[in-house]
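# Geometric and topological summary
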Amino acid sequence: MTIRRPRKVVLPAAGLGTRFLPATKAAPKEMLPIVDRPVIQYVVEEAIASGLADFVIVTGRGKRAIEDHFDASAELEAALRAAGKEKLLEEVQRVSELGRFAYVRQKRPRGLGDAVLCAADWVGEEPFAVMLADELILHEPPALAQLLHVHEITGGASVIGLARVPKEEIGRYGVAAVKQENGLLRITGLVEKPAPGEAPSDLAVIGRYVLAPRVFALLAKTPPGRAGEVQLTDALDQLAREEPVYGVLVEGERFDVGTPEGFLAANLALGLRDPRYGKQLAAFARRLLGML
Ligand code: G1P
């Protein structure tokens, strides 16, 4: 049987961004910039570098800026052209040509699982990817491509990206119980944000998934879990009991840009590496640290 290669990516972006208030009171957290690109553009570019270019973004109230970002902008382009700013013009045009975008709205913030379920009709009966814009992962090959590789060699099984995290942080994540199977990590169970001492391992779910469409039927039956929300982790725990689900220890430098600490660290790390700003920023940081 030939396996279907996933083509579509679901990007949940309906969350309220409470960890970033008041910055996210009127602006989507997915649009906060890392150097000069909004965080959501990094995950879109990771998907494209992994060979997937069909996106459905699950949005909600106050998220219109995301649609505008990936759309053409006639006035802006005309103004840049008139001003002779060719490089910037190319860059804004490139962003509007990154992929194909569709949008669905999640009417109420009922959790990540419910947001993914909102994309069911658009995905249909195909394997698909889910990517959370909260996690920035830098690597070549990209994180999603690492998952797609395991999806392929397992004949089309669902695959979840994992990373080892310190004990003190594990309660912030979905956590996987795993066993070794023919050189792969088979997931035997998943718990969303376990209480201290109850995590089945130090393997955290890091916001990259390649999933079988069966997960939609499971999500539709999943009752609210942690925080009274429908959790994707709970539906995947059920999926892992029904059929093989694999974990991949994702290689790459990871920033949890959904928290202010991770967001600031990502801006510092990418800013220091940026050929346009790195030198000046390093000199400034050195001066500043010398003063502390
Ligand atoms: C979500 C998922 C969690 C996962 C995390 C990764 O939680 O529910 O399983 O580990 O993303 O960032 P959130 O960070 O949205 O609370």
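Please refer to the structure higher up on the page.
We now turn to the structure provided with this report.

What counts and what doesn't
- Residues numbered from 1 in each chain as written.
- Predicted model: local features only at pLDDT ≥ 70, side-chain atom pairs only at ≥ 80, totals over all residues.
- Heavy atoms only, no water.
- Helix = DSSP H or I, 4+ residues; strand = E, 2+ residues; numbered from the N terminus.
- Rg over C-alpha atoms; globule rule 2.2 N^0.38 Å.
- Buried < 20%, exposed > 50% of the residue type's maximum accessible area, 1.4 Å probe, protein only.
- Contact = heavy atoms within 4.5 Å.
- Lys, Arg positive; Asp, Glu negative; His and termini not counted.
- Charge placed at Lys NZ, Arg CZ, Asp CG, Glu CD.
- Salt bridge = Lys/Arg side-chain N within 4 Å of Asp/Glu carboxyl O.
- Axes fitted to C-alpha atoms, helices over the stretch in contact; angles between N-to-C directions.
- Parallel < 35°, antiparallel > 145°, perpendicular 65-115°, else oblique.
- Left-handed = near helix turned anticlockwise from the far one by under 90°.
- Nonpolar A, V, L, I, M, F, W, Y, C, P; charged D, E, K, R; others polar.
- Near = heavy atom within 4 Å.
- Polar contact = N/O pair within 3.5 Å; in protein donor to acceptor, adjacent residues only side chain to side chain.
- Areas by Shrake-Rupley, 256 points an atom, 1.4 Å probe, with all protein chains shown as cover.
- Phe/Tyr/Trp six-rings, centres within 6.5 Å; stacked < 30°, edge-to-face > 60°.
- Lys NZ or Arg CZ within 6 Å of the ring centre and 35° of its normal.

### Some points on the overall build of the chain
Each helix and strand in the chain was counted, giving eleven helices and 13 strands. The C-alpha atoms of the chain give 20 Å as radius of gyration, which agrees with the globular expectation for 292 residues (19 Å, within 12%). The C-alpha extent of the chain, read off along each of the three principal axes, is 60 × 45 × 35 Å. Burial analysis of the chain (292 residues in total) assigns 47% to the buried set. Summarising the internal contacts of the chain: among those between residues at least 6 apart in sequence, 76% fall at separations of at least 24. If the 37 positive side-chain charges of the chain are averaged to one point and the 38 negative ones to another, these points end up 3 Å apart.

### Regarding the pattern of salt bridges
Applying the stated criterion to the full structure yields 20 salt bridges. Note that Asp134 is salt-bridged to Lys29, the shortest N-O span being 3.2 Å. You can see Asp134 sitting in the loop between β6 (128-131) and β7 (135-138) and its partner Lys29 sitting in the loop between β1 (8-12) and β2 (33-34), a full 105 residues away along the chain. On the accessibility criterion, Lys29 (17% relative accessible area) is buried. Lys63 is the partner of Glu30 in a salt bridge, and the nearest nitrogen-oxygen pair spans 2.9 Å. Of the two residues, Glu30 is situated in the loop between β1 and β2 and Lys63 in the loop between β4 (54-59) and α2 (64-69); the sequence distance between them amounts to 33 residues. Like Lys63, Glu30 is buried.

### Some points on unusual backbone geometry
The amide bond that connects Leu21 to the next residue, Pro22, takes the cis arrangement and shows omega of 5°. With respect to the helices, strands and loops of the structure, Pro22 is situated in the loop between β1 and β2. The omega torsion across Glu140 and Pro141 is 0°, close enough to zero to call that bond cis. With respect to the helices and strands, Pro141 occurs in the loop between β7 and α7 (143-153). Here Asn182, not a glycine, exhibits a phi torsion of approximately 50°, which is positive. Along the chain, Asn182 turns up in the loop between β9 (174-181) and β10 (184-192). For Asn182, a relative accessible area of 77% corresponds to the exposed category. If you check the backbone angles, Ala227 has positive phi at about 60° while not being a glycine. Of note, Ala227 is situated in the loop between α8 (214-221) and α9 (232-242).

### Details of the packing of helix α3 (residues 74-82) against helix α4 (residues 86-96)
α4 packs onto α3 with a crossing angle of 160° between their chain directions and a minimal axis gap of 8 Å. The angle between α3 and α4 falls in the class roughly antiparallel. Of the two possible hands of crossing, α3 and α4 adopt the one that is left-handed. Residues Leu76, Glu77, Leu80 and Arg81 of α3 touch α4, and the partners they reach there are Leu88, Leu89, Val92 and Gln93. Taken together, the residues of the contact of α3 with α4 sort by class into five nonpolar, one polar and two charged.

### Description of the environment of Pro12
By secondary structure assignment, the location of Pro12 is in strand β1. Residue Pro12 is classed as buried on the basis of its relative accessible area of 14%. In this structure, the C-alpha to C-alpha distance between Pro12 and Gly207, residues 195 residues apart in sequence, is 10 Å.

### Overview of the site of the ligand
Around the ligand lies a shell formed by Arg19, Leu112, Leu132, Glu135, Tyr173, Gly174, Glu192, Lys193, Val205, Gln231 and Thr233. At 2.9 Å, a backbone N or O of Gly174 approaches an oxygen atom of the ligand. Take Lys193: an N or O atom from its side chain is 2.6 Å from an oxygen atom of the ligand. In isolation the ligand offers 380 Å² of accessible surface; the protein chains occlude 85% of this area.

### What about the packing of aromatic side chains?
In total, this model carries four aromatic pairs according to the counting rule given. Consider the rings of Phe128 and Phe216, whose centres lie 4.8 Å apart with planes at 10°: the pair is stacked. Of this pair, Phe128 sits in strand β6 while Phe216 sits in helix α8, and the two are 88 residues apart along the sequence. Phe128 sits in the buried class, given a relative accessible area of 0%. Aromatic ring contacts, followed pair by pair, group Phe55, Phe70 and Phe101 into a single cluster. The positively charged end of Lys8 is found above the aromatic ring belonging to Trp122, 5.1 Å away from the centroid.

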